[in-house]
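Residues per chain are reported as follows:
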Amino acid sequence: MRRRFRFLFFLIPIAFLSLGSLAVMGLWNWLMPALFSVGTVTFWQAAALLILGRLLLGGYGRPGYGRSGFRGRFWSRRFAYADPGEAMRTRWENLTPEQQARFAARCGWKRND
């Protein structure tokens, strides 16, 4: 089954690059000559612009660059638990009884001991 779809490994990035290049070319040729009196671009120039913009601004998911780096550093530590209440339960269990009492008093909880 895997061998049947191995060609998609090469076909999908080429399709995304082609569609992105067509979008860049269309937008450039529609807006830039009218706004800034610059020339039009070809498909290959649009592909080069797309790749250059991705290299300069996107970062391809390396940590610290782009959105995926932020998500990787922020979300993995903060929301590592499948159950949202599990993080709070773990913290609560690690508190001493005195710390639990102080926290409950600050939150206005009535403890049922």
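Here the structure is a predicted model, which means the values were calculated and not measured. (Residues numbered from 1 in each chain as written. Predicted model: local features only at pLDDT ≥ 70, side-chain atom pairs only at ≥ 80, totals over all residues. Heavy atoms only, no water.)

**Student:** Describe the overall build of the chain, naming the residues involved and giving the relevant values.
**Tutor:** Scanning the chain for helices and strands turns up 5 helices and 0 strands. In the chain, the order of α-helices and β-strands from amino to carboxyl end is α-α-α-α-α. Across the chain, contacts joining residues at least 24 apart in sequence account for 19% of those joining residues at least 6 apart. Element-wise, carbon and sulfur atoms account for 64% of the exposed surface of the chain, whose accessible area totals about 10,100 Å². (Helix = DSSP H or I, 4+ residues; strand = E, 2+ residues; numbered from the N terminus. Contact = heavy atoms within 4.5 Å. Areas by Shrake-Rupley, 256 points an atom, 1.4 Å probe, with all protein chains shown as cover.)

**Student:** Now, about the environment of asparagine 29: what can you tell me, with residues and values included?
**Tutor:** Its place among the elements puts asparagine 29 in helix H1 (residues 8-36). For the pair asparagine 29 and glycine 39, spaced 10 residues apart in the sequence, the C-alpha separation amounts to 7.9 Å. Dropping the residues within four chain positions of it, asparagine 29 is found in contact with Thr40 and Val41. A distance of 2.8 Å separates a polar atom in the side chain of asparagine 29 from the backbone nitrogen of valine 41. (Polar contact = N/O pair within 3.5 Å; in protein donor to acceptor, adjacent residues only side chain to side chain.)

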